[in-house]
Amino acid sequence: MTKYILNRLFHSTLVMFTISFIVFFIMFKAGDPVELMLPPDATQQDVVEMRAALGLDKSFIVQYQKFLSNVAEGNLGNSFIYGQPALDIVFERLPATMELAVIAMIVSILLGIPLGIISSIKPNSILSRIIMFFSLAGISVPVFWTGMILVLIFSVILGVLPSSGRGEVYLFTSAFTWDGIKHLIMPVITLSVFQLALILRLTRTGMMEVLMQDYIKLASAKGVPRKVIVYYHALKNTLIPLITVIGIQFGQLVAFTIVTETIFAWPGTGKLIIDSIQNLDRPIVVAYLLVISFIFVAINFIVDVLYTFIDPRVRV
Amino acid sequence: MKKIIVGLATAALLCSGANAKTLSVGMSDGAQSMDPYFINNDDTNSILNNVFDSLISFDKDLHTQANLAESWSNPSPKEWIFKLRKGVKFHNGSDFNADDVIFSYDRVRNWDKSAFKSKVNMIESVSKVDEYTIKMVTNKPYPIFLRQLTYVNILDKETLAGKSDQWIGLNPVGTGPYKFDSWNKGDSIKMSANNGYWLGKPTYDKVIFKPLTNAATRVAGILSGAVDIINKVPAVDVAKIKNNERVDFFMVPSLRTIYIHMDQHREKSPFIKSPTGKNPLQDIKVRQAFSYAIDRESITKYIMKGFAVTANQLNASTVYGYDKSIGKFEFNPEKAKALLKEAGYPNGFEIQLDSLNTGTYPKIAQAVASSLTRIGIKVKVNATPGSVFFGKMGKRETSFSLIGWASGSGDASSFLDSIVHSVNPDKGYGKYNWGNFANAKADELIEKSASTMNPEERLKELKEVQKIALAEFGYLPIHYTVNLYAANKKVHFEPRINGYIWAFDVK
């Protein structure tokens with residue numbers, strides 16, 4: 001196990017190092033942020049001075065070396081556009097995004113798996129058909145549309161939920177205050193619709209497949225109660241592919257909350273990263289992608305460890 | 001039971017502070033720094049102007065007026081004496097005096113990350129005459145000096161001396177009508193009233209600026225009552241706003257011209273394919289044909305949905321230097337075709353129109369392209385993001401480009417210096433002259449007007465330059481943009497020409 005973890009750590013570091021290089025290079029090639037930062041009437045001299053102040057007058061190699069030596073000291077540089085340390089800015093915004101993603105994922109799992117099971121046991125019942133209809137809609141409807149319709153109904157027409165922003169924060173999350181929960185409801189629904197539908201459909205397909213297997217028939221023949229078969233034997237075998245997908249999807253949720261964040265003016269990282277790419281704010285883009293890839297790497301690791309608990313055949 | 005509920009409701013009202021009046025503003029973008037010299041963009045400046053004062057400020061219509069400088073004189077063309085307002089205090093209680101002005105101007109001129117150097121690079125020296133008198137000397141007579149000084153917010157020396165850039169970027173201390181409370185990045189900037197403000201007590205006790213970058217979100221915000229004022233109302237939602245009885249709609253002219261550059265300098269232009277191999281835009285007849293061919297009225301009506309003013313010259317009527325005597329551009333495709341034929345291009349040529357891919361730019365570019373197609377010019381529209389677009393334009397990798405220019409100083413020289421003057425980086429002219437328009441007479445007049453202290457004489461020079469540029473068909477102005485706002489009926493709001501939202505205006 002220790003050897004495995006060390007091995008993974010080495011690989012992860014290599015992955016993050018590569019990412020930093022690629023992103024740094026792309027942002028270097030993308031253009032000059034100084035042109036976008038200074039007012040239109042800035043003189044050539046202003047541009048030169050600003051470039052020197054930001055260290056952008058140096059060659060790529062020199063800039064990247066400087067970056068690496070700063071990273072060794074835990075410093076990812078200052079944002080060009082905000083003037084503050086890039087990592088601080090990312091971490092200031094990350095809790096809002098994580099909160100949204102985690103809650104949306106929990107909602108999707110808690111609703112998606114049971115609904116998937118229900119619709120798999122009696123696939124032709126009316127209830128199953130209704131569930132499947134809505135899951136199809138959930139997969140097909142664009143996130144943007146869902147969000148705007150929710151705002152139209154609950155904020156503009158009914159006036160019961162706030163149209164945008166994050167509510168009062170207690171400790172590290174807004175989920176502990178009433179004001180915060182009111183602000184969370186619509187973004188969470190918007191973000192979880194797709195995930196919920198996906199998990200539901202995967203659970204259903206997986207369950208239906210497993211329920212056809214010989215060992216299920218054998219268990220039935222041996223007189224094992226139906227409930228035990230469904231919720232213990234079948235579900236456990238369905239979960240393995242499901243966990244893989246949930247892991248990947250969670251990473252996706254964190255990285256791609258941008259649409260939801262834009263609609264609800266949610267102060268997360270999605271909005272930050274789009275702005276930073278447009279402004280060519282390299283330190284933020286690099287810091288953000290390093291943090292996100294770290295999260296992906298960590299999730300993958302957790303998923304691998306979870307396998308060993310669910311499927312005794314898997315050894316790490 | 002009823003009594004209890006009423007009681008609870010009253011208690012809730014009291015707790016939420018029934019007396020504290022809060023103004024909530026939904027803006028199309030947030031501030032990037034709380035340091036007033038770090039970044040020069042409209043959204044950041046607009047927010048920081050609530051916290052800071054400058055020596056001179058703009059009134060609603062962009063005329064200069066006294067602010068922290070109570071009065072001033074201009075004893076010789078290069079010399080300016082400012083009498084400072086007495087008894088003004090910064091938000092943390094320290095006094096405002098000449099030392100703060102010296103400190104601020106030193107920082108804005110010399111700090112290596114200052115984005116406002118171009119606003120003050122004509123200043124040669126700033127010195128203290130006495131506690132409340134400042135003398136500034138410019139390197140040449142500078143007629144729009146006062147306009148440029150509106151950009152320089154005054155910082156508190158006692159508070160900032162020895163502080164790091166990062167600290168200054170998070171802790172604004174000014175003399176303005178509102179005190180900075182907190183900044184929750186991406187969510188809100190909160191301020192509270194500075195009751196000792198020298199112009200009087202602000203109407204609102206609290207002001208919240210929220211960045212609602214998505215237009216539909218801003219509209220939902222104003223319709224649901226979550227915010228009291230929004231800017232940049234999207235044209236498609238205007239009907240919805242107008243029909244809502246709780247909300248007022250505002251349309252005010254802006255300082256921005258949308259126009260087209262034509263490469264008229266190079267023998268061969270990179271993105272033109274003409275039968276002769278030459279650059280047809282060098283011929284004034286072709287440029288004039290383009291001007292005749294573009295249906296500006298239709299662009300205003302259909303693309304801008306009426307929310308624009310069709311251009312008839314370089315700058316909008318809001319800008320000092322606007323010439324009332326100039327008539328409309330003529331739309332006449334037949335004349336255009338005849339001119340093309342005369343110029344030797346009866347079958348037209350191929351050209352690429354570069355544009356930004358944001359907002360209405362691509363649609364305007366398409367409309368221009370289809371106008372030109374009707375006179376036989378094949379136009380390919382190339383719309384790219386700002387990070388790519390501006391880099392290419394800077395290197396003149398373009399033959400034909402659509403862009404907008406806002407004369408933020410409210411003076412025609414902004415457009416003339418950066419766009420009409422021939423390219424001359426040493427003198428700081430023509431940086432955005434992407435079509436390399438060059439006219440010796442225009443250059444001479446621009447340089448002369450930059451030091452003409454007599455306003456009437458200067459206005460004549462500005463108008464003369466514009467006449468030359470228009471007669472040469474150096475540019476194709478399309479329209480002037482307008483600023484659209486919506487405000488809840490319970491607030492009294494009067495928009496400013498430069499688009500800044502100054503909470504002190506709101507009653």
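Residues numbered from 1 in each chain as written. Chains lettered and ligands numbered in written order. Predicted model: local features only at pLDDT ≥ 70, side-chain atom pairs only at ≥ 80, totals over all residues. Heavy atoms only, no water.

Student: Honestly, the packing of helix α10 (residues 226-255) of chain A against helix α13 (residues 282-310) of chain A in this entry has me stumped. Any pointers?
Tutor: In a pair of packed helices, the angle between the axes and the distance between the axes together describe the arrangement. Residue and element names in this part refer to chain A. Contact pair α10 / α13: the axes reach a minimum separation of 10 Å and the direction vectors enclose 170°. For the element pair α10 / α13, the angle class is roughly antiparallel. Here α10 contributes K236, I240, I243, T244, G247, F250, G251, Q252, V254 and A255 to the contact with α13, which in turn contributes Y288, I292, I295, F296, I299, V303, L306, Y307 and I310. The class makeup of the residues in the contact of α10 with α13 is 14 nonpolar, four polar and one charged. (Axes fitted to C-alpha atoms, helices over the stretch in contact; angles between N-to-C directions. Helix = DSSP H or I, 4+ residues; strand = E, 2+ residues; numbered from the N terminus. Parallel < 35°, antiparallel > 145°, perpendicular 65-115°, else oblique. Contact = heavy atoms within 4.5 Å. Nonpolar A, V, L, I, M, F, W, Y, C, P; charged D, E, K, R; others polar.)

Student: What am I meant to see in the environment of I121(A) here?
Tutor: All names here are of chain A. Mapping I121 onto the fold places it in helix α5 (residues 86-121). Classification of I121 as partly exposed rests on a relative accessible area of 29%. In the structure, I121 is positioned 87 residues away from M208 in sequence and 7.5 Å away in space, judged by C-alpha atoms. Sequence-distant contacts of I121, defined by excluding residues within four places in its chain, comprise R226, V230 and Y231. (Buried < 20%, exposed > 50% of the residue type's maximum accessible area, 1.4 Å probe, protein only.)

Student: Is there a simple way to explain the pattern of salt bridges in this structure?
Tutor: Between side chains of opposite charge, a pair can form as their charged atoms come close. Residues and elements named next belong to chain B. Within the structure shown, the criterion is met by 29 salt bridges over all chains. The salt bridge partner of R458 is D411, with a shortest N-O separation of 2.8 Å. Linking R458 in helix α17 (residues 455-471) with D411 in the loop between β17 (400-406) and α15 (413-420), this pair joins segments that are 47 residues apart in sequence. Neither residue differs from the other here; R458 and D411 are each classed as buried. Where R496 meets D505, a salt bridge forms, and the shortest distance between an N and an O atom there is 2.6 Å. (Salt bridge = Lys/Arg side-chain N within 4 Å of Asp/Glu carboxyl O.)

Student: Any chance you could explain the interface of chain B and chain A here in plain terms?
Tutor: At the interface, 39 residues of chain B touch 43 residues of chain A. Both faces combined, the contact of chain B with chain A buries some 3,300 Å², and carbon together with sulfur accounts for 55% of it. A per-residue breakdown of the area chain B buries against chain A is headed by Q166(B), K185(B) and K431(B), which together make up 16% of the total. If you look at where chain B meets chain A, you find two salt bridges. Residues K185(B) and E92(A) are paired through a salt bridge, measuring 2.8 Å at the closest nitrogen-oxygen approach. For the side of chain B that touches chain A, the secondary structure elements donating two or more residues are α4 (117-120), α8 (215-223) and α14 (386-394) of chain B. The element that contributes the greatest number of residues to the side of chain B that touches chain A is α8(B), accounting for five residues. Here the residues of the side of chain B that touches chain A sort into 14 nonpolar, 18 polar and seven charged. (Buried area = accessible area lost by both parts, 1.4 Å probe.)

Student: Sorry if this is basic, but what is going on with the sheet that holds strand β7 (residues 133-138) of chain B here?
Tutor: Pairing between the strands of a sheet is mediated by backbone hydrogen bonds and can be parallel or antiparallel. All names here are of chain B. Within the open sheet, the four strands sit side by side as β4-β5-β7-β6. Their pairing is antiparallel. Each having just a single partner strand, β4 (69-76) and β6 (123-130) make up the two edges of the open sheet. With direction set aside, neighbouring strand axes in the sheet form an average angle of 20°. As paired elements, strand β5 (residues 79-84) and β7 share five bridges and run antiparallel to each other. The residue of β7 that forms the bridge with E79 is V137. Along the sheet face, helix α3 (residues 98-110) touches β5, β6 and β7 and points at about 165° away from the line of β6. (Pairing = 2+ DSSP bridges.)

Student: Would you take a moment to explain the packing of aromatic side chains for this structure?
Tutor: Given two aromatic rings, one states the distance between the centres and the angle between the planes to describe the pair. Per the stated rule, a full pass over the model turns up 36 aromatic pairs over all chains. Aromatic side chains Y4(A) and F301(A) sit 6.3 Å apart centroid to centroid with 15° between the ring planes, which places their arrangement in the stacked category. Taken together, the positions of Y4(A) in helix α1 (residues 2-30) and F301(A) in helix α13 put the pair 297 residues apart, joining distant regions of the chain. Ring geometry for W80(B) versus F145(B): centroids 5.1 Å apart, planes at 40°, classification tilted. Of this pair, W80(B) sits in strand β5 while F145(B) sits in helix α5 (residues 145-149); the two residues are 65 residues apart in sequence, bridging distant segments of the chain. A relative accessible area of 0% places F145(B) in the buried class. (Phe/Tyr/Trp six-rings, centres within 6.5 Å; stacked < 30°, edge-to-face > 60°.)

Student: Just checking my understanding: could you explain the domain arrangement of chain B for this structure?
Tutor: Note on interface size: it is often stated as the accessible area lost on association of the parts. Residues and elements named next belong to chain B. Along its sequence, chain B is organised into domain 1 (3-10 + 20-246 + 489-505) and domain 2 (254-482). Just the C-alpha atoms count here: the centres of domain 1 and domain 2 sit 33 Å apart. Counting residues at the interface gives 18 residues for domain 1, matched by 17 residues for domain 2. Roughly 1,300 Å² is buried in total at the junction of domain 1 and domain 2, and carbon and sulfur atoms are behind 67% of that figure. Its largest share of buried area at the contact with domain 2, domain 1 owes to P143, R147 and I497, together 35% of the area lost on that side. (Domains from an automatic or database assignment.)

Student: Honestly, the environment of H265(B) in this entry has me stumped. Any pointers?
Tutor: Residue and element names in this part refer to chain B. Tracing the backbone shows H265 in the loop between β12 (247-262) and β13 (272-273). A sequence separation of 241 residues divides H265 from V506, and the C-alpha atoms of the two residues are 49 Å apart. Look past the residues within four positions of H265 in its chain and what remains in contact with it is Q282, G435 and N436.

Student: I'm lost on the environment of L239(A) in this one. Help?
Tutor: The residue L239(A) is located in helix α10 in this model. Sequence separation between L239(A) and S155(A) is 84 residues, and the spatial gap between their C-alpha atoms is 38 Å.

Student: How should unusual backbone geometry be read in this particular structure?
Tutor: Backbone geometry follows two general trends: most residues other than glycine have a negative phi, and most peptide bonds adopt the trans configuration. At L280(A), a residue that is not glycine, the phi angle is positive and equals roughly 55°. Looking at the element boundaries, L280(A) is found in the loop between α12 (269-278) and α13. Residue L62(B) is not a glycine yet carries a positive backbone phi of 70°. With relative accessibility at 2%, the residue L62(B) sits in the buried group.

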